[in-house]
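# Structural characterization, general
Chain residues, written in single-letter form:
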Amino acid sequence: MPRYTAPTKDMQFVLHDVLNVAEQPTPGYEDLEADFTSAILEEAGKLTSEVVAPLNIIGDTEGCKLENGVVRTPTGFKEAFETVKEGGWPGLDMPEQYGGQNMPCVIGTAVGEMFSSANMAFTMYQGLTHGAASAILAHGTNAQKEMYLPKMVSCEWTGTMNLTEPHCGTDLGLMRSKAEPQDDGSYKITGQKIFISAGEHDMADNIIHLVLAKIPGGPDGIKGVSLFIVPKFIIKENGSLGDRNAVAVGKIEEKMGIHGNSTCVMNYDGATGYLLGEAHKGMRAMFTMMNEARLGVGMQGMSQAEVAYQNALDYAKDRLQGRDVTGAQNPEGPADPLIVHPDIRRSLMDQKSFVEGARAFMLWGATLIDAAHRSDDKDADGLVSLLTPVIKGFLSDQGYDMTIKAQQVYGGHGYIEEWGMSQFTRDSRIAMIYEGANGVQALDLVGRKLALDGGKHVMAFFDLVKTFVKENAGQDADFDAQFLEPLKAASKDLQAAGMYFMQNGMKNPNNALSGSYDFMHMFGHVCLGLMWAKMGKAAKVALDNNASDTAFYETKLRTGQYYMARQLPATTLHLSRIQTGADTVMALEVANF
C-alpha cells in the first residue's frame, strides 16, 4: 500500500528560510516562530500520515453508496472525520469568535497540503465547508454568521457550492434554477444541480448548501444570478434542527477518481433558501468561495504529485533492474536499483523540482492573502488575484503530469491497481477540470487579469523579479549563472509574450486567446523560477553560515539548479508558440475537423 510522510522539514525551510514569516509585518505573523510552526506541522503530519492516509485506498475501492436517500461514506471516514474535528483542524485559520483558531492562511495552507496529499477525497469535505463558511463570513448578515459559522467552522455542519446544471457549466448565465420570493423573506428554490462535491453524506448533522439561482424578474444572464443558503435541515430559532428541507440527492456520479467524495446530483423541489449577499449579485458572493477553491485545487495538483513522488522514489530505490552503464552499483545483487539510471533520475528530478517549487509558490501566495486580509494590502490583493489562475491552472496541469511520471517509474506495476499509483493520477485529473477548467483559467489570466487596474499588478510582478535579480547579482558567479540569468531570461520571455498580446490582441483578439494557455504555463514557470532562485539564495546563505544540515541545503541547491536548467527554458518554447498568433489555430473550417 502507498505511504505518505508529511514534508514538514521542507515546509519549515520555506516558511522560515525563504519567506521569513516571523519577521513579516502582517498581523499574526509575529507568533509564527519556528518552534511554534514546527509543533503545528508535526502534529498535523502525524494525523495525516497515521489516520487519514491509510483511508485513501479504502475510499478509492469502496467509494460512496446511496441508500434510501442517504449517502454512506467509505469505511473509516466517519471516525477519522470525528478525529479531525476534535483536533480543531477545520477551523485552524477561521476567526476565533466562531470557534476557529485565527491562524494565518499560510499555516492553513501548509496543513491543507498534508491533508490533501494524505487523502484528497476525504479532505474535500472539510475544504468545501471552509469555502462555504468563508463566503458567509464575507457576505452574510450578522444573524447568518451567528447561525451558521460556529457549527461550520467546527464541521459539525458541512458546506457545499452548487453552481453547475446539466445544460450549463462555465456559462452560468444559462442556469434555470429559480428562487421564488416568499412573504417571510425566504425563497423557494427549484432546480437541479450536478457535480456537487460532498452534496450528501453521513459525517455531519446538517449540510449547508450555497446555491446559485435566479429570482424571477431579474436581469438576464449572469447579471440575474443570486446566491442562497439552503440547509439540508431547517434550523429553528433556538438553533436546533427542524424538518428536512426539500432538497435531495438524485444520484452519486460515477467518476474517474476521488471515489471517496460523494459527488452528487442535487434536486431542489421548492426548498427553503435564504439570500446571501445582495439580490442579483450572486456571482460576487460565490467568487469568494470559488477563488478560495481555485487556490485549493492548485494545491490538490501539487499535493498528489508530492505523494506520488514519495512512492516512486521508494520504488526506484528498491526495485532492481539492469546495470548502471558506468559500472555496477550493487555488485552483490543480480541487478542495480532503478534509481541509478539517468532516465529514472530525470523523471524523479522533474517531480522533485516541481513539487518543492510549487510548495514555495503556494505558501508565498498564502502570505499575499494574509497581507490582503489582515493588513488590507491592496497591492497584495491585486497580485494574488493575478496569480490565482496561474496557481490553479499551472499547478494542477503539472501536478497531473508528475503523477504520470511517478506511475511510469513503476513500469507495468504502475498500471496495476494494487500498487496504488493509478489512484494519484485518477484523483489529480479532476483538478484540471473543476472550479473553472484550466482553459478558462488561461482565458481569465489573459483576458481579464493582465489588464486589471491598468496592468498594475503584472508590472509589479515583473518589478519584483527584476528587483530580486538586481539585489542579488554580482555576489557569486555560480549563483548568477545557475539561478539569476535563467530567471532573467524567462522573465524577458514572459514580458515579450505580454507585449505580443498588446500589439496583436486588439486587432484580432484570437491572437491573444490562442496563446493564453501557453502564457499561463509560461507564467507558472517564471513563478517557480522565482521561487527556486529565492530557495537557492536561502540555501546558499545557510551553507555560508555553516548550517548543521549541509546535505539538506546542498540538495536544495542541486534541485534548484536542475529546475533552472531543465524546466525553466520551456518559456522559450511557449513564447514561440504564442508569437505564431491565431492563424494556424483557427485555419480549419468547422466542417473540416
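All of the points below concern the structure found in this document. (Residues numbered from 1 in each chain as written. Predicted model: local features only at pLDDT ≥ 70, side-chain atom pairs only at ≥ 80, totals over all residues. Heavy atoms only, no water.)

### What about the pairing of strand S3 (residues 157-162)?
As a reminder of what qualifies: We call a residue buried when its accessible area falls under 20% of the maximum for its residue type, exposed when it is over 50%, and partly exposed in between, using a 1.4 Å probe and counting protein chains only. Only DSSP runs of H or I with at least four residues qualify as helices, and only runs of E with at least two residues qualify as strands; both kinds are numbered from the N terminus onward. Note: two strands are recorded as paired if DSSP finds a minimum of 2 bridges between them.
Taking burial as the measure, the six residues of S3 include six buried ones, the bulk of the element. Burial of S3 is two-sided: the residues Trp 157, Gly 159 and Met 161 facing one way and the residues Thr 158, Thr 160 and Asn 162 facing the other way are all buried. Both S3 and strand S6 (residues 206-214) contribute to a ladder of six bridges, which runs parallel. Note on S6: the bridge partner recorded for Thr 158 is Ile 207.

### Considerations on the layout of surface pockets
The criterion, for reference: Whether a set of points on the 1 Å grid over the protein atoms alone is a cavity depends on a 1.4 Å probe fitting there but being unable to get out, while an open set qualifies as a pocket with protein on both sides within 12 Å along at least five of seven lines; lining residues are those with an atom within 4 Å of a point. Grid points are joined across faces, edges and corners, and a volume is the space filled by probe spheres set on the points. Gly is placed with the polar residues, together with every amino acid not listed as nonpolar (Ala, Val, Leu, Ile, Met, Phe, Trp, Tyr, Cys and Pro) or charged (Asp, Glu, Lys and Arg).
Within this model, the second largest pocket holds a volume of roughly 760 Å³. Along the walls of the second largest pocket sit 28 residues, with Leu 19, Gln 24, Trp 364, Leu 464 and Lys 534 positioned nearest its centre. With eight residues, helix H13 (residues 456-472) is the single largest residue contributor to the lining of the second largest pocket. Across the lining of the second largest pocket, the residue classes tally to 14 nonpolar, seven polar and seven charged.

### Some points on the nonpolar core
Keep this limit in mind: Put simply, a nonpolar core is a bunch of buried Ala, Val, Leu, Ile, Met, Phe, Trp, Tyr and Cys residues held in one set by side-chain atoms that sit within 4.5 Å of each other. Pairs of residues are marked as contacts when any of their non-hydrogen atoms sit within 4.5 Å.
In terms of nonpolar packing, the biggest core is built from 179 residues, with Leu 210, Phe 361, Phe 461, Phe 519 and Phe 523 touching the most fellow members. Apart from the residues within four sequence positions on either side, Phe 461 is in contact with Trp 364, Leu 383, Leu 494, Phe 523, Val 526, Cys 527 and Leu 530.

### Notes on the packing of helix H4 (residues 77-86) against helix H6 (residues 120-139)
Going by this rule: A fitted line through C-alpha atoms serves as each axis, taken over the contacting stretch for helices, and the angle formed by two N-to-C directions is quoted from 0 to 180°. These descriptions rest on fixed angle ranges, namely under 35 degrees for roughly parallel, over 145 for roughly antiparallel, 65 to 115 for roughly perpendicular, and the rest for oblique. Throughout, a crossing is termed right-handed when the near helix is turned clockwise from the far one, and left-handed when it is turned anticlockwise from it by less than a right angle.
As a packed pair, H4 and H6 sit with axes 11 Å apart at the nearest point and diverge in direction by 50°. The pairing of H4 with H6 is recorded here as oblique in orientation. The handedness of the crossing between H4 and H6 comes out as right-handed. Only Phe 122, Tyr 125 and Gln 126 of H6 make contact with H4, whose side of the interface consists of Phe 77, Ala 80, Phe 81 and Val 84.

### Considerations on the pattern of salt bridges
Threshold: Basic side-chain nitrogens of Lys or Arg form a salt bridge, by our definition, when they fall within 4 Å of a carboxyl oxygen of Asp or Glu.
The tally for this structure, following the rule as stated, stands at 31 salt bridges. With its nearest N and O atoms 2.8 Å apart, the salt bridge here joins Arg 426 to Asp 60. Placement of the pair is Arg 426 in helix H11 (residues 421-429) and Asp 60 in helix H3 (residues 56-62), with a sequence separation of 366 residues. The residue Glu 67 makes a salt bridge to Arg 72 at a minimum N-O spacing of 3.5 Å. Glu 67 sits in the partly exposed class, given a relative accessible area of 38%. Residue classification places Arg 72 among the partly exposed residues on the basis of a relative accessible area of 37%. When salt bridges that share partners are traced, they join Asp 10, Glu 113, Glu 306, Lys 352, Glu 356, Arg 359 and Lys 556 into one network.

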